[in-house]
Amino acid sequence: MKTVYDVLIEKLEEAKTDSMQFLVDGGVKDFAEYKSLCGEIRGLSAAQEEIKDLVRKLKEEDDD
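Just so you know, the residues in each chain are numbered from 1, in the order the chain's sequence is written. Selection of residues for local features in this predicted model requires a pLDDT of at least 70, selection of side-chain atom pairs for listing and counting requires 80 or more, and totals for whole chains, interfaces and linings are taken over all residues. Neither water nor hydrogens contribute to the side-chain values; these are computed over all heavy atoms in the structure.

Even after reading the chapter, I still don't get the side chain of Ser-19, so can you show me in this structure?
Take Ser-19: it is sitting in helix 1 (residues 4–24). Of the residues examined, Ser-19 reaches a relative accessible area of 6% and is grouped as buried. Leave out the neighbours within four places in its chain, and Ser-19 touches Leu-37, Glu-40 and Ile-41. Strands here are runs of E lasting at least two residues and helices are runs of H or I lasting at least four, both read from the DSSP assignment and numbered beginning at the N terminus. Each residue gets one of three labels from its accessible area relative to the maximum for its type: buried under 20%, exposed over 50%, partly exposed in between, using a 1.4 Å probe on protein chains only. Only heavy atoms enter the contact rule, under which two residues are in contact if any of them lie within 4.5 Å.

Is there a simple way to explain the packing of helix 1 against helix 2 (residues 31–63) in this structure?
Two measures define how a pair of helices packs: the angle their axes make with one another and the distance between the axes. Think of each axis as a best-fit line through the C-alpha atoms, taken over the contacting stretch in the case of a helix, with angles from 0 to 180 degrees between the N-to-C directions. Axis separation between helix 1 and helix 2 bottoms out at 10 Å; the angle between their running directions is 160 degrees. It follows that helix 1 is roughly antiparallel to helix 2 by the angle criterion. Once helix 1 is placed against helix 2, the crossing between them reads as left-handed. Any residue outside Ala, Val, Leu, Ile, Met, Phe, Trp, Tyr, Cys, Pro, Asp, Glu, Lys and Arg is labelled polar, Gly included; the first ten of those are nonpolar and the last four are charged. A class-by-class count of the residues in the contact of helix 1 with helix 2 yields 17 nonpolar, three polar and five charged. In this scheme, roughly parallel covers angles under 35 degrees and roughly antiparallel covers those over 145, while 65 to 115 is roughly perpendicular and the rest are oblique. Here is the rule for handedness: rotate from the far helix to the near one, and if that takes an anticlockwise turn smaller than a right angle the crossing is left-handed, while a clockwise turn gives right-handed.

Before we go on, may I ask you to explain helix 2 in this structure?
Counting along an α-helix, one turn takes 3.6 residues, and residues three or four places apart therefore face a common direction. A helix is expected to span 1.5 Å for every residue after the first. Over its 33 residues, helix 2 extends 48 Å from the first C-alpha to the last, a length consistent with the 48 Å expected when each residue adds 1.5 Å. Every buried residue of helix 2 is listed here: Leu-37, Cys-38, Ile-41, Leu-44, Gln-48 and Ile-51. Where the residues of helix 2 are buried, they touch helix 1. In this structure Asp-30 caps helix 2, since a side-chain oxygen of it lies 3.3 Å from the backbone nitrogen of Ala-32. Polar contact criterion, stated in full: a pair of N or O atoms within 3.5 Å, where within protein one must be able to donate a hydrogen and the other to accept it, and residues adjacent in sequence count only if both atoms are side-chain atoms.

Where do I start with a negative patch on the surface in this structure?
By definition, no residue in a patch forms a salt bridge, and every one has over 30% relative accessible area; like charges are joined within 9 Å, nonpolar side chains (Val, Leu, Ile, Met, Phe, Trp, Tyr) within 5 Å. Note on areas: Shrake-Rupley with a 1.4 Å probe; residue coverage comes only from the protein chains shown. Each salt bridge in this description consists of a side-chain nitrogen of Lys or Arg and a carboxyl oxygen of Asp or Glu lying within 4 Å of one another. Neither His nor the chain ends is counted toward charge; the positive residues are Lys and Arg and the negative residues Asp and Glu. Lysine's charge is taken at NZ, arginine's at CZ, aspartate's at CG and glutamate's at CD. A cluster of acidic side chains, namely Glu-60, Glu-61, Asp-62, Asp-63 and Asp-64, defines a negative patch on the protein surface. Relative to the assigned elements, Asp-63 resides in helix 2.

Okay, structure coming up:
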């Protein structure tokens, strides 16, 4: 059964993949847009990692 955390991680991964595909396809118009998109991808990755860390901590607490 999927948890809310699983759904969030999947949604963030989809958004990150879409942004990376846009970048790979040459969708950015200029360097400013490139920098913005790279920041978005980094932010999505950071959010995913924070959620994964939270899930690990919650599992550890349940095991105690």
